[in-house]
Amino acid sequence: MSIKGLSRREFMLPGTAACPGCGLALALRHALKALGDRTILVVPAGCTSVIQGIGPNSSFAVPTLNIAFAASAAAASGIVNGLDVQGIRDVNVAVWAGDGGTADIGIQALSGAAERMTDMIYFCCDNESYMNTGVQRSSSTPQGAWTTTTPTGKREPKKDMPLIMAAHRIPYIATACSSYPIDLHNKVEEAKKIRGTKYIHILAPCPTGWRYPSEKTVEVGRLAIETGIWPLYKIQDGRFTISIQSKPLVKESRRRPVREYLEIQGRFSHLTSSEIDNIQGMVSAMWEHLSLMDNRDLLKGW
Ligand SMILES: Cc1ncc(C[n+]2csc(CCOP(=O)(O)OP(=O)(O)O)c2C)c(N)n1
Ligand code: SF4
(Lines give C-alpha, C1' and ligand atoms only; values in the text may rest on other atoms or scores of the structure.)
(Ligands and ions follow the chains in the order given, each with its own letter.)
Protein backbone atom coordinates (compact mmCIF):
# COMPACT_ATOMS: atom_id res chain seq x y z
CA MET A 1 0.00 0.00 0.00
CA SER A 2 1.31 3.45 -0.92
CA ILE A 3 -0.01 6.79 0.28
CA LYS A 4 -2.04 7.08 -2.95
CA GLY A 5 -3.83 3.84 -2.10
CA LEU A 6 -5.26 5.19 1.15
CA SER A 7 -9.01 5.66 1.20
CA ARG A 8 -10.16 9.27 0.91
CA ARG A 9 -13.09 8.47 3.17
CA GLU A 10 -12.79 9.84 6.66
CA PHE A 11 -14.34 8.04 9.61
CA MET A 12 -13.00 10.62 12.01
CA LEU A 13 -14.93 13.76 11.34
CA PRO A 14 -13.62 17.32 11.75
CA GLY A 15 -14.01 18.93 15.16
CA THR A 16 -12.61 16.31 17.49
CA ALA A 17 -11.67 17.35 21.01
CA ALA A 18 -8.11 16.01 20.68
CA CYS A 19 -5.21 18.23 21.77
CA PRO A 20 -3.27 19.70 18.82
CA GLY A 21 -0.67 17.21 17.59
CA CYS A 22 -2.32 14.18 19.23
CA GLY A 23 -0.67 10.96 18.02
CA LEU A 24 -3.67 8.92 19.17
CA ALA A 25 -6.05 10.88 16.92
CA LEU A 26 -3.68 10.39 13.96
CA ALA A 27 -3.45 6.63 14.60
CA LEU A 28 -7.21 6.25 14.99
CA ARG A 29 -7.88 8.18 11.79
CA HIS A 30 -5.70 5.77 9.82
CA ALA A 31 -6.84 2.62 11.59
CA LEU A 32 -10.45 3.54 10.80
CA LYS A 33 -9.60 4.13 7.13
CA ALA A 34 -8.21 0.60 7.00
CA LEU A 35 -11.12 -0.89 8.99
CA GLY A 36 -13.78 0.76 6.79
CA ASP A 37 -17.46 1.38 7.39
CA ARG A 38 -18.40 -2.21 8.37
CA THR A 39 -16.87 -1.65 11.80
CA ILE A 40 -18.13 -1.48 15.36
CA LEU A 41 -15.80 0.24 17.82
CA VAL A 42 -15.68 -0.58 21.52
CA VAL A 43 -14.07 2.23 23.51
CA PRO A 44 -13.36 2.19 27.24
CA ALA A 45 -12.74 5.41 29.19
CA GLY A 46 -9.72 7.44 28.13
CA CYS A 47 -8.66 10.19 25.74
CA THR A 48 -10.50 8.44 22.89
CA SER A 49 -13.85 8.95 24.61
CA VAL A 50 -13.05 12.66 24.85
CA ILE A 51 -11.85 12.87 21.23
CA GLN A 52 -15.15 11.22 20.27
CA GLY A 53 -17.10 14.20 21.61
CA ILE A 54 -20.19 14.67 23.74
CA GLY A 55 -23.39 12.82 22.80
CA PRO A 56 -25.67 13.00 20.93
CA ASN A 57 -22.93 14.24 18.56
CA SER A 58 -19.84 12.19 17.74
CA SER A 59 -16.74 12.68 15.65
CA PHE A 60 -16.67 8.95 14.78
CA ALA A 61 -18.58 7.86 11.70
CA VAL A 62 -18.87 4.22 12.84
CA PRO A 63 -21.10 2.77 15.59
CA THR A 64 -19.27 3.07 18.90
CA LEU A 65 -19.96 1.42 22.24
CA ASN A 66 -18.55 3.25 25.26
CA ILE A 67 -17.94 0.75 27.99
CA ALA A 68 -16.51 0.47 31.49
CA PHE A 69 -12.74 0.17 31.68
CA ALA A 70 -12.48 -3.49 32.66
CA ALA A 71 -15.12 -4.74 30.24
CA SER A 72 -14.06 -3.76 26.71
CA ALA A 73 -12.82 -7.16 25.48
CA ALA A 74 -15.77 -8.92 27.17
CA ALA A 75 -18.19 -6.47 25.52
CA ALA A 76 -16.51 -7.05 22.16
CA SER A 77 -16.94 -10.81 22.67
CA GLY A 78 -20.65 -10.27 23.25
CA ILE A 79 -20.97 -8.17 20.10
CA VAL A 80 -19.10 -10.79 18.03
CA ASN A 81 -21.41 -13.53 19.34
CA GLY A 82 -24.50 -11.37 18.77
CA LEU A 83 -23.47 -10.77 15.15
CA ASP A 84 -22.62 -14.43 14.70
CA VAL A 85 -26.08 -15.69 15.73
CA GLN A 86 -27.54 -13.28 13.18
CA GLY A 87 -25.23 -14.70 10.51
CA ILE A 88 -23.37 -11.40 10.12
CA ARG A 89 -19.72 -12.15 9.40
CA ASP A 90 -18.52 -9.08 7.51
CA VAL A 91 -18.28 -6.63 10.42
CA ASN A 92 -14.97 -5.79 12.08
CA VAL A 93 -15.39 -5.65 15.83
CA ALA A 94 -12.54 -3.56 17.18
CA VAL A 95 -11.60 -2.48 20.69
CA TRP A 96 -9.72 0.81 20.84
CA ALA A 97 -8.25 1.19 24.31
CA GLY A 98 -5.43 3.12 25.97
CA ASP A 99 -2.44 1.53 27.67
CA GLY A 100 -4.11 1.89 31.09
CA GLY A 101 -7.30 0.34 29.72
CA THR A 102 -5.26 -2.52 28.24
CA ALA A 103 -2.16 -3.34 30.26
CA ASP A 104 -3.71 -2.56 33.65
CA ILE A 105 -7.49 -2.49 34.02
CA GLY A 106 -8.56 -4.38 30.87
CA ILE A 107 -5.99 -7.16 30.79
CA GLN A 108 -8.18 -9.78 32.47
CA ALA A 109 -11.04 -9.44 29.97
CA LEU A 110 -8.55 -9.22 27.10
CA SER A 111 -6.79 -12.38 28.21
CA GLY A 112 -10.14 -14.16 28.52
CA ALA A 113 -11.29 -13.06 25.07
CA ALA A 114 -7.95 -14.05 23.52
CA GLU A 115 -8.11 -17.47 25.16
CA ARG A 116 -11.63 -17.93 23.69
CA MET A 117 -10.20 -16.71 20.35
CA THR A 118 -12.86 -14.01 20.00
CA ASP A 119 -12.90 -12.79 16.40
CA MET A 120 -11.90 -9.17 16.99
CA ILE A 121 -9.05 -6.72 16.52
CA TYR A 122 -7.89 -5.30 19.83
CA PHE A 123 -5.93 -2.04 19.52
CA CYS A 124 -3.87 -0.76 22.40
CA CYS A 125 -3.18 2.88 21.61
CA ASP A 126 -0.22 3.47 23.87
CA ASN A 127 0.54 7.03 24.97
CA GLU A 128 2.39 5.48 27.90
CA SER A 129 0.30 7.06 30.63
CA TYR A 130 -3.22 7.64 31.95
CA MET A 131 -3.49 10.86 29.94
CA ASN A 132 -7.20 11.47 30.26
CA THR A 133 -7.07 11.82 34.02
CA GLY A 134 -3.89 13.90 34.14
CA VAL A 135 -0.78 11.87 33.20
CA GLN A 136 -0.58 9.20 35.89
CA ARG A 137 1.83 6.27 35.40
CA SER A 138 0.63 3.02 33.86
CA SER A 139 2.42 -0.31 33.65
CA SER A 140 3.20 0.72 30.05
CA THR A 141 5.01 3.91 31.10
CA PRO A 142 8.70 3.46 30.24
CA GLN A 143 11.41 3.38 32.87
CA GLY A 144 12.70 6.83 33.73
CA ALA A 145 9.66 8.78 32.50
CA TRP A 146 8.17 11.58 34.55
CA THR A 147 4.45 11.35 35.23
CA THR A 148 2.41 13.08 37.93
CA THR A 149 2.64 9.92 40.04
CA THR A 150 6.33 9.30 39.23
CA PRO A 151 7.68 12.85 39.69
CA THR A 152 11.30 11.65 39.88
CA GLY A 153 10.94 9.16 37.03
CA LYS A 154 9.32 5.72 36.90
CA ARG A 155 11.54 3.04 38.45
CA GLU A 156 10.06 -0.06 36.81
CA PRO A 157 10.38 -1.08 33.14
CA LYS A 158 7.54 -0.95 30.61
CA LYS A 159 5.26 -3.99 30.55
CA ASP A 160 5.70 -5.94 27.31
CA MET A 161 2.06 -6.32 26.23
CA PRO A 162 2.71 -7.61 22.67
CA LEU A 163 4.77 -10.53 24.00
CA ILE A 164 2.16 -11.19 26.72
CA MET A 165 -0.38 -11.46 23.90
CA ALA A 166 2.01 -13.73 21.96
CA ALA A 167 1.89 -16.13 24.90
CA HIS A 168 -1.86 -16.46 24.20
CA ARG A 169 -0.93 -17.93 20.79
CA ILE A 170 -3.37 -15.70 18.95
CA PRO A 171 -2.84 -15.65 15.16
CA TYR A 172 -1.75 -12.04 14.76
CA ILE A 173 0.14 -9.56 16.91
CA ALA A 174 1.80 -6.42 15.60
CA THR A 175 3.42 -3.25 16.83
CA ALA A 176 2.90 0.07 15.04
CA CYS A 177 3.38 3.80 15.52
CA SER A 178 1.24 6.79 14.58
CA SER A 179 4.20 8.27 12.65
CA TYR A 180 4.07 5.31 10.21
CA PRO A 181 0.46 5.32 8.96
CA ILE A 182 1.11 3.11 5.91
CA ASP A 183 2.67 0.41 8.09
CA LEU A 184 -0.30 0.71 10.48
CA HIS A 185 -2.73 0.57 7.57
CA ASN A 186 -1.08 -2.57 6.14
CA LYS A 187 -1.15 -4.30 9.51
CA VAL A 188 -4.85 -3.52 10.02
CA GLU A 189 -5.60 -4.83 6.51
CA GLU A 190 -3.67 -7.99 7.32
CA ALA A 191 -5.43 -8.45 10.67
CA LYS A 192 -8.86 -7.98 9.07
CA LYS A 193 -8.36 -11.06 6.91
CA ILE A 194 -7.62 -13.37 9.84
CA ARG A 195 -10.25 -15.09 12.02
CA GLY A 196 -9.64 -15.04 15.76
CA THR A 197 -8.12 -12.51 18.13
CA LYS A 198 -5.75 -9.98 16.60
CA TYR A 199 -3.77 -7.54 18.73
CA ILE A 200 -2.14 -4.33 17.44
CA HIS A 201 -0.12 -2.22 19.86
CA ILE A 202 0.40 1.34 18.59
CA LEU A 203 2.86 3.79 20.10
CA ALA A 204 1.13 7.19 20.00
CA PRO A 205 3.21 10.20 21.08
CA CYS A 206 1.29 12.69 23.22
CA PRO A 207 2.57 16.30 23.31
CA THR A 208 0.59 17.04 26.46
CA GLY A 209 1.95 14.22 28.60
CA TRP A 210 5.35 13.71 26.96
CA ARG A 211 6.01 17.44 27.09
CA TYR A 212 7.19 18.40 23.63
CA PRO A 213 5.86 21.02 21.18
CA SER A 214 2.70 19.76 19.43
CA GLU A 215 4.17 20.10 15.93
CA LYS A 216 6.84 17.49 16.75
CA THR A 217 4.54 14.46 17.13
CA VAL A 218 5.56 12.78 13.87
CA GLU A 219 9.25 13.52 14.55
CA VAL A 220 9.05 12.06 18.07
CA GLY A 221 7.39 8.89 16.74
CA ARG A 222 10.01 8.55 14.02
CA LEU A 223 12.77 8.92 16.62
CA ALA A 224 11.15 6.12 18.63
CA ILE A 225 11.63 3.83 15.62
CA GLU A 226 14.99 5.17 14.44
CA THR A 227 16.60 4.89 17.88
CA GLY A 228 15.19 1.36 18.22
CA ILE A 229 13.37 2.05 21.49
CA TRP A 230 10.07 1.05 19.81
CA PRO A 231 10.61 -1.88 17.40
CA LEU A 232 8.08 -2.47 14.63
CA TYR A 233 7.31 -6.15 14.10
CA LYS A 234 4.56 -8.69 13.68
CA ILE A 235 3.99 -12.22 14.92
CA GLN A 236 1.78 -14.04 12.45
CA ASP A 237 0.86 -17.66 13.19
CA GLY A 238 3.73 -17.70 15.64
CA ARG A 239 6.33 -16.40 13.17
CA PHE A 240 8.17 -13.30 14.34
CA THR A 241 9.15 -10.78 11.63
CA ILE A 242 10.76 -7.40 12.15
CA SER A 243 9.01 -4.85 9.92
CA ILE A 244 10.83 -3.17 7.06
CA GLN A 245 11.25 0.19 8.84
CA SER A 246 12.97 -1.46 11.82
CA LYS A 247 14.86 -4.19 9.96
CA PRO A 248 18.10 -2.19 9.38
CA LEU A 249 18.31 -1.57 13.12
CA VAL A 250 19.37 -5.15 13.77
CA LYS A 251 22.80 -3.61 13.06
CA GLU A 252 23.64 -1.46 16.06
CA SER A 253 25.44 1.09 13.86
CA ARG A 254 22.13 1.87 12.09
CA ARG A 255 20.39 2.91 15.32
CA ARG A 256 20.38 6.57 16.31
CA PRO A 257 21.43 7.17 19.92
CA VAL A 258 18.43 6.81 22.23
CA ARG A 259 19.47 10.15 23.76
CA GLU A 260 17.98 11.87 20.68
CA TYR A 261 14.53 10.42 21.48
CA LEU A 262 14.77 11.18 25.19
CA GLU A 263 16.13 14.73 24.92
CA ILE A 264 13.30 16.00 22.72
CA GLN A 265 10.76 15.22 25.49
CA GLY A 266 10.32 17.10 28.77
CA ARG A 267 9.25 13.92 30.59
CA PHE A 268 12.85 12.67 30.43
CA SER A 269 14.56 16.01 31.10
CA HIS A 270 15.57 15.06 34.67
CA LEU A 271 17.59 12.03 33.52
CA THR A 272 21.32 12.03 34.21
CA SER A 273 23.85 10.95 31.60
CA SER A 274 24.36 7.61 33.33
CA GLU A 275 20.58 6.98 33.42
CA ILE A 276 20.44 7.68 29.69
CA ASP A 277 23.35 5.24 29.18
CA ASN A 278 21.36 2.70 31.19
CA ILE A 279 18.34 3.06 28.89
CA GLN A 280 20.67 2.79 25.88
CA GLY A 281 21.97 -0.48 27.35
CA MET A 282 18.39 -1.79 27.73
CA VAL A 283 17.63 -0.95 24.10
CA SER A 284 20.80 -2.75 22.93
CA ALA A 285 19.91 -5.82 25.00
CA MET A 286 16.37 -5.82 23.61
CA TRP A 287 17.74 -5.77 20.05
CA GLU A 288 19.95 -8.77 20.76
CA HIS A 289 16.75 -10.70 21.58
CA LEU A 290 14.84 -9.25 18.64
CA SER A 291 17.53 -10.28 16.17
CA LEU A 292 17.45 -13.82 17.59
CA MET A 293 13.66 -13.96 17.19
CA ASP A 294 13.53 -12.46 13.67
CA ASN A 295 12.24 -14.87 11.01
CA ARG A 296 11.76 -17.60 13.59
CA ASP A 297 8.70 -19.63 14.52
CA LEU A 298 8.55 -18.19 17.98
CA LEU A 299 5.81 -20.38 19.36
CA LYS A 300 6.61 -23.72 17.71
CA GLY A 301 6.95 -26.51 20.25
CA TRP A 302 5.79 -24.40 23.17
C1 LIG B 1 -12.71 1.58 36.87
C2 LIG B 1 -12.29 2.99 36.55
N3 LIG B 1 -11.22 3.52 37.17
C4 LIG B 1 -10.82 4.76 36.87
C5 LIG B 1 -11.50 5.52 35.95
C6 LIG B 1 -11.05 6.94 35.66
N7 LIG B 1 -10.36 7.04 34.38
C8 LIG B 1 -10.97 7.49 33.26
S9 LIG B 1 -9.93 7.62 31.94
C10 LIG B 1 -8.62 7.08 32.89
C11 LIG B 1 -7.24 6.96 32.29
C12 LIG B 1 -7.19 6.22 30.98
O13 LIG B 1 -5.87 5.93 30.63
P14 LIG B 1 -5.54 5.10 29.35
O15 LIG B 1 -6.34 3.86 29.31
O16 LIG B 1 -4.07 4.91 29.27
O17 LIG B 1 -6.09 6.01 28.19
P18 LIG B 1 -5.63 7.50 27.73
O19 LIG B 1 -6.50 8.45 28.49
O20 LIG B 1 -4.19 7.65 28.04
O21 LIG B 1 -5.93 7.49 26.28
C22 LIG B 1 -9.01 6.80 34.20
C23 LIG B 1 -8.11 6.32 35.28
C24 LIG B 1 -12.62 4.95 35.31
N25 LIG B 1 -13.29 5.60 34.35
N26 LIG B 1 -13.00 3.68 35.62
S1 SF4 C 1 -3.66 14.14 26.29
FE2 SF4 C 1 -2.34 13.27 24.70
S3 SF4 C 1 -3.39 11.44 23.94
FE4 SF4 C 1 -4.89 12.66 25.09
S5 SF4 C 1 -5.93 13.91 23.53
FE6 SF4 C 1 -4.21 15.13 24.36
S7 SF4 C 1 -2.46 14.70 23.00
FE8 SF4 C 1 -4.01 13.11 22.63
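For the structure itself, consult the block above.
Residues numbered from 1 in each chain as written. Chains lettered and ligands numbered in written order. Predicted model: local features only at pLDDT ≥ 70, side-chain atom pairs only at ≥ 80, totals over all residues. Heavy atoms only, no water.

(A) Spotlight on the site of ligand 1. Within the structure, ligand 1 sits among 15 residues, and Cys47, Gly100, Gly101, Ser129 and Asn132 are positioned closest to it. In the model, an oxygen atom of ligand 1 is placed 2.9 Å from a nitrogen or oxygen of the cysteine 47 main chain. Contact between ligand 1 and serine 129: an oxygen atom at 2.9 Å from a main-chain N or O atom of the residue. When residues in the shell around ligand 1 are grouped by element, the largest group, 3 residues, is from helix H4 (residues 99–104). (Near = heavy atom within 4 Å. Polar contact = N/O pair within 3.5 Å; in protein donor to acceptor, adjacent residues only side chain to side chain. Helix = DSSP H or I, 4+ residues; strand = E, 2+ residues; numbered from the N terminus.)

(B) Looking closely at the layout of surface pockets. One number sums up the size of the largest pocket: a volume of about 610 Å³. Each residue belonging to the lining of the largest pocket can be placed in one class, and the counts come to 19 nonpolar, 5 polar and 6 charged. Forming the walls of the second largest pocket are 20 residues, and the residues nearest its centre are Val80, Arg89, Val91, Asp119 and Arg195. Where the lining of the second largest pocket is concerned, the elements lending two or more residues are helix H3 (72–85), strand S3 (92–98) and strand S4 (120–126). Here the element with the most residues in the lining of the second largest pocket is H3; it accounts for 5 residues. When its residues are assigned to classes, the lining of the second largest pocket shows 8 nonpolar, 4 polar and 8 charged. (1 Å grid on protein atoms, 1.4 Å probe; cavity = no way out; pocket = protein on both sides within 12 Å on 5 of 7 lines; lining within 4 Å. Points joined across faces, edges and corners; volume = space filled by probe spheres on them. Nonpolar A, V, L, I, M, F, W, Y, C, P; charged D, E, K, R; others polar.)

(C) Layout of the sheet that holds strand S5 (residues 172–177). Spatially, 9 strands are ordered S2-S1-S3-S4-S6-S5-S7-S8-S9 in an open sheet, and the strand pairing comes out mixed. Each end of this open sheet is capped by a strand with a single partner; those strands are strand S2 (64–67) and strand S9 (296–297). Examined bridge by bridge, strand S7 (residues 233–236) and strand S8 (residues 239–242) share 4 bridges and lie antiparallel to one another. Bridged to isoleucine 235 within S8 is phenylalanine 240. Taken strand by strand, helix H11 (residues 273–293) contacts S7, S8 and S9, and its axis lies near 120° from that of S8. (Pairing = 2+ DSSP bridges. Contact = heavy atoms within 4.5 Å. Axes fitted to C-alpha atoms, helices over the stretch in contact; angles between N-to-C directions.)

(D) Representation of H3 within the structure. Taking 1.5 Å of rise per residue, 14 residues should cover 20 Å, and H3 covers 20 Å from first to last C-alpha, within 8% of that figure. If you check which residues of H3 are buried, you get Ser72, Ala73, Ala75, Ala76, Ser77, Ile79, Val80 and Leu83. Looking at the buried residues of H3, the elements they touch are strand S1 (39–44), S2, S3, helix H5 (107–115) and S4. Two residues or fewer past H3, glycine 87 is found with a positive phi of approximately 75°. (Expected span 1.5 Å × (residues − 1). Buried < 20%, exposed > 50% of the residue type's maximum accessible area, 1.4 Å probe, protein only.)

(E) Focus on the site of ligand 2. Close to ligand 2 lie Cys19, Cys22, Cys47, Asn127, Met131, Cys206, Pro207 and Thr208. For the shell around ligand 2, the class distribution of residues is 6 nonpolar, 2 polar and no charged.

(F) The packing of helix H1 (residues 23–35) against helix H7 (residues 181–192), seen in detail. Between H1 and H7, the least distance of the axes is 9 Å, while the angle of their chain directions is 40°. As judged from the angle between their axes, H1 and H7 are oblique. Crossing geometry of H1 relative to H7 is assigned as right-handed. Here Ala27, His30, Ala31, Lys33, Ala34 and Leu35 of H1 lie close against H7, whose contacting residues are Pro181, Leu184, His185, Val188, Glu189 and Lys192. (Parallel < 35°, antiparallel > 145°, perpendicular 65-115°, else oblique. Left-handed = near helix turned anticlockwise from the far one by under 90°.)

(G) Up close: the nonpolar core. With 59 residues, the main nonpolar core has Tyr122, Tyr199 and Tyr261 as its most contacted residues. When near neighbours in sequence (up to four residues on either side) are disregarded, tyrosine 199 contacts Thr102, Leu110, Tyr122, Cys124, Met161, Pro162, Met165, Ile170, Tyr172, Ile173 and Ala174. (Core = buried A, V, L, I, M, F, W, Y, C linked by side-chain atoms within 4.5 Å.)

(H) Focus on the environment of glycine 153. Tracing the backbone shows glycine 153 in the loop between S4 and helix H6 (161–166). Of the residues examined, glycine 153 reaches a relative accessible area of 9% and is grouped as buried.

(I) Here's a closer look at the side chain of aspartate 99. Position of aspartate 99 among the secondary structure elements: in helix H4. No salt bridge is formed by the buried aspartate 99, whose closest oppositely charged neighbour, lysine 158, lies at an N-O distance of 6.3 Å. Engagement of the side chain of aspartate 99 in a polar contact is seen with the backbone nitrogen of asparagine 127, the distance being 3.3 Å. Engagement of the side chain of aspartate 99 in a polar contact is seen with the backbone nitrogen of glutamate 128, the distance being 3.3 Å. Ignoring any residue separated from it by four or fewer positions in sequence, one finds aspartate 99 in contact with Asp104, Cys124, Cys125, Asp126, Asn127, Glu128, Ser129, Ser138 and Ser140. (Lys, Arg positive; Asp, Glu negative; His and termini not counted. Salt bridge = Lys/Arg side-chain N within 4 Å of Asp/Glu carboxyl O.)

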